Amino acid sequence: MSAELFLDTNIFIYAVDTTDAAKREVADQLIRDTLAAGNGTTSYQVAQEFLNVVVTKARIPLGVDEARRFLDAVLLPLVQVWPSPALFHDALNTHRRWGFGFYDSLIVAAARQAGARRLLTEDLQHGQDIAGLEVHNPFLPAPS
């Protein structure tokens with residue numbers, strides 16, 4: 001299993017969030033490009049977090065049918081990392097080594113397990129190198 005990009009939950013949330021047009025456009029394009037190129041992945045955790053947010057917490061929640069369509073068309077084709085003892089051990093090691101919260105550590109561990117070179121998220125420090133995994137916030141303005 002190897003993918004260039006690992007997409008975190010916020011990418012998918014912004015793709016359906018109508019309150020921030022700029023972030024929605026960036027997220028939508030990232031997802032389209034990743035699905036077309038086949039160079040990205042995500043994890044079961046991201047799918048769970050996305051579904052929880054969009055059906056219960058989103059400013060404009062999705063109905064169950066809409067959430068199911070997004071799951072089938074977008075998330076499931078990208079999910080490559082599922083729970084395993086190795087994933088949880090790596091997450092605990094990441095938590096201890098880097099001091100991230102456990103759920104962020106689980107995302108980092110999943111990205112590494114998938115063989116990703118870049119973790120696309122706005123939840124960690126942009127540009128940070130985590131044992132060869134580069135954190136990239138795709139929502140930051142392009143440098144001038």
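This write-up is about the structure you can find in this document. (Residues numbered from 1 in each chain as written. Predicted model: local features only at pLDDT ≥ 70, side-chain atom pairs only at ≥ 80, totals over all residues. Heavy atoms only, no water.)

### Considerations on the overall build of the protein chain
When its secondary structure is counted, the protein chain shows 6 helices and 6 strands. Reading the protein chain from its N terminus to its C terminus gives the helix and strand order β-α-α-β-α-α-β-α-α-β-β-β. For 144 residues, the compact-globule formula gives about 15 Å, and the C-alpha radius of gyration of the protein chain, at 15 Å, lands near that figure. Across its three principal axes, the protein chain shows a C-alpha extent of roughly 40 × 40 × 30 Å. Evaluated residue by residue, the protein chain yields a buried proportion of 43% over its 144 residues. Nonlocal contacts in the protein chain, meaning residues at least 24 apart in sequence, comprise 61% of its contacts between residues at least 6 apart. For the protein chain, the computed accessible surface area is about 7,700 Å², with 53% contributed by carbon and sulfur atoms. (Helix = DSSP H or I, 4+ residues; strand = E, 2+ residues; numbered from the N terminus. Rg over C-alpha atoms; globule rule 2.2 N^0.38 Å. Buried < 20%, exposed > 50% of the residue type's maximum accessible area, 1.4 Å probe, protein only. Contact = heavy atoms within 4.5 Å. Areas by Shrake-Rupley, 256 points an atom, 1.4 Å probe, with all protein chains shown as cover.)

### Brief notes about the packing of helix α5 (residues 85-98) against helix α6 (residues 102-113)
When two helices pack together, their arrangement is given by the angle between their axes and by how far apart the axes lie. One can describe the packing of α5 onto α6 by two numbers: an axis separation of 8 Å at closest approach and a directional angle of 120 degrees. Taken together, the axis directions place α5 and α6 in an arrangement best described as oblique. Handedness of the α5/α6 crossing: right-handed. Judged by residue contacts, Leu87, Phe88, Asp90, Ala91, Leu92, Thr94 and His95 of α5 engage Phe102, Ser105, Leu106, Val108, Ala109, Ala110, Arg112 and Gln113 from α6. A breakdown of the residues in the contact of α5 with α6 according to their chemical character gives 9 nonpolar, 4 polar and 2 charged. (Axes fitted to C-alpha atoms, helices over the stretch in contact; angles between N-to-C directions. Parallel < 35°, antiparallel > 145°, perpendicular 65-115°, else oblique. Left-handed = near helix turned anticlockwise from the far one by under 90°. Nonpolar A, V, L, I, M, F, W, Y, C, P; charged D, E, K, R; others polar.)

### Observations regarding the side chain of Thr41
For Thr41, the location among the structural elements is in strand β2 (residues 40-43). Taking the relative accessible area as the measure of exposure, Thr41 reaches 0% and is therefore buried. Apart from the residues lying within four places of it in its own chain, the contact partners of Thr41 are Ala3, Leu5, Phe6, Leu7, Leu78, Val79, Gln80 and Ala114.

### Side note on helix α1 (residues 9-16)
Among the 8 residues of α1, 8 are classified as buried, and the element is accordingly described as predominantly covered. Turning to α1, its buried residues number three or more, namely Thr9, Asn10, Ile11, Phe12, Ile13, Tyr14, Ala15 and Val16. Those residues of α1 that are buried lie in contact with β1 (5-7), α2 (21-37), β2, α3 (44-57), α4 (64-78) and β4 (118-120).

### A short note on the pairing of β2
Covered by surrounding structure in β2 are Gly40 and Thr42 together with Thr41 and Ser43, the residues of both alternating faces. Bridge count for β1 against β2 is 2 bridges, and the pairing is parallel. Note on β2: the bridge partner recorded for Leu5 is Gly40. Here 2 bridges tie β2 to strand β3 (residues 79-81), and the two strands are oriented parallel to one another. Looking across to β3, one finds that Ser43 is bridged to Val81. (Pairing = 2+ DSSP bridges.)

### A short note on the sheet that holds β2
The pairing of strands in a sheet comes from backbone hydrogen bonds and takes either a parallel or an antiparallel form. Across the sheet, 6 strands lie side by side as β3-β2-β1-β4-β6-β5; this open sheet has mixed pairing. Of all the strands in the sheet, just β3 and β5 (129-130) have a single pairing partner and so form its edges.

### Here's the deal with a nonpolar patch on the surface
On the surface, Phe88, Leu92, Phe102 and Tyr103 cluster together into a nonpolar patch covering about 400 Å² of accessible area. Secondary structure elements with two or more residues in the nonpolar patch: α5 and α6. Secondary-structure assignment places Tyr103 in helix α6. With a relative accessible area of 58%, Tyr103 lands in the exposed category. (Patch = residues over 30% accessible without salt bridge, like charges linked within 9 Å, V, L, I, M, F, W, Y side chains within 5 Å. Salt bridge = Lys/Arg side-chain N within 4 Å of Asp/Glu carboxyl O.)

Read these as geometric descriptors, not functional statements.
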